[in-house]
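# Architecture and fold: a report
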Amino acid sequence: MLKDSYLVGLIGSGIGPSLSPALHEREAGRQGLRCLYRLLDLDTIGVPPEAVGELLRAARLLGFDGLNITHPCKRLVVEHLDALDPRAEALGAVNTVVFEGGRAVGHNTDVTGFAAAFARGLPDAPLERVVQLGAGGAGAAVAHATLTLGAERVTVVDALPERAADLAAALNRSFGPGRAAAAPPDRLPELLGAADGHGGLVHATPTGMAAHPGLPLPAGLLHPGLWVAEVVYRPLETELLRTARAAGCATLDGGGMAAFQAADAFRLFTGREPDSARMLADLTELTDGAVGAPK
């Protein structure tokens, strides 16, 4: 049932810089709706990621219409939901929860958000060999999106070998044998060397976020034959992107994914069709930079 007022929020760690409140509230205002978007920061509240279930129950009792979920809760939240849409179920990761009919239903708009941003920003990028850093909730979504875009093979690298292996196995079940593989971080030099001229690097870890500054891999592994796609968008200009451009790589910032996944979540929360291009323009203005474009 359509309403004219919505209460939604975001659960995650270190989410103070998030632009989700502004993106959702601006689009709602343009559509004549009232949207109140609240940040439920684990660090500020002082609870561990495992408390996501309690926060979910509290939000439902307080009358929230839905929640976005981000690091480090995208996988942890799954066991606390009543139902999953097929994409979220296949991924085992949720970034959007809608409270409807007394149920909490999980969705994943990171997949469509990353796919739209990549197609817009790196339309001619080779996809024969893709190396992905990170096998968490965001990693599952972007690997799924990359294979959907036509990648021949995605190799997932994670500090936790079992997590990388689990994601690769799930991807092979969805896309067919041999489409994904797992590898330890010490194989990055070999993998990125093999991708030279044939693919690139997708970064899907929290490294580079305002609360987690730094580089996720040695700078010397980046070379002009690679493209580099970033998931982090706050800050929009991460150390990885600066280093990659200095090395001659084509790059894609995380802003496009952030805007397009927010648009898809807005549709789920309100039942209204968002203007994705307008929300991307909002994010560009809010970050004071060119978003979702190769540099």
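The structure we're discussing is the one just above.
I will try to describe carefully the structure that is included in this document. (Residues numbered from 1 in each chain as written. Predicted model: local features only at pLDDT ≥ 70, side-chain atom pairs only at ≥ 80, totals over all residues. Heavy atoms only, no water.)

## Section: empty space enclosed by the protein
- Under the definition given, this model contains 1 cavity of 30 Å³ or more.
- As a volume, the largest cavity reaches approximately 30 Å³.
- Lining the largest cavity are Ala90, Leu91, His144, Leu167, Ala170, Leu171 and Ser174.
- The set of elements that each furnish at least two residues to the lining of the largest cavity consists of α4 (86–91) and α7 (161–175).
- In terms of residues, the lining of the largest cavity owes the most to one element, α7, which gives 4 residues. (1 Å grid on protein atoms, 1.4 Å probe; cavity = no way out; pocket = protein on both sides within 12 Å on 5 of 7 lines; lining within 4 Å. Points joined across faces, edges and corners; volume = space filled by probe spheres on them. Helix = DSSP H or I, 4+ residues; strand = E, 2+ residues; numbered from the N terminus.)

## Some points on the nonpolar core
- Within the largest apolar cluster, 46 residues are counted, with the highest numbers of intra-cluster contacts made by Phe114, Phe118 and Trp227.
- Sorting the residues of this core by element identifies α5 (110–121), α6 (137–148), β8 (153–157), α7, β11 (227–230), α10 (255–270) and α11 (276–287) as the ones contributing at least two each.
- Setting aside chain neighbours within four positions, we find Phe118 in contact with Pro123, Ala125, Leu127, Leu149, Trp227, Ala229 and Leu252.
- Core analysis: the next-biggest nonpolar cluster, separate from the first, contains 18 residues, Leu42, Val52, Leu55 and Leu67 among them. (Core = buried A, V, L, I, M, F, W, Y, C linked by side-chain atoms within 4.5 Å. Buried < 20%, exposed > 50% of the residue type's maximum accessible area, 1.4 Å probe, protein only. Contact = heavy atoms within 4.5 Å.)

## With respect to the sheet that holds strand β12 (residues 250–252)
- Pairing within the open sheet is parallel, and its 6 strands lie in the order β9-β8-β7-β10-β11-β12. Edge strands, defined here as strands with exactly one partner in the open sheet, are β9 (180–183) and β12. Strand after strand, the sheet turns through a mean of 20° between neighbouring axes, direction not considered.
- Summarising the sheet, β11 and β12 pair through 3 bridges and their orientation is parallel. Following the sheet pairing, Trp227 is matched in β12 by Ala250.
- Against the sheet, α7 engages β7 (129–133), β8 and β9, with an angle of about 175° to β9.
- Along the sheet face, helix α9 (residues 239–246) touches β10 (199–203), β11 and β12 and points at about 165° away from the line of β11. (Pairing = 2+ DSSP bridges. Axes fitted to C-alpha atoms, helices over the stretch in contact; angles between N-to-C directions.)

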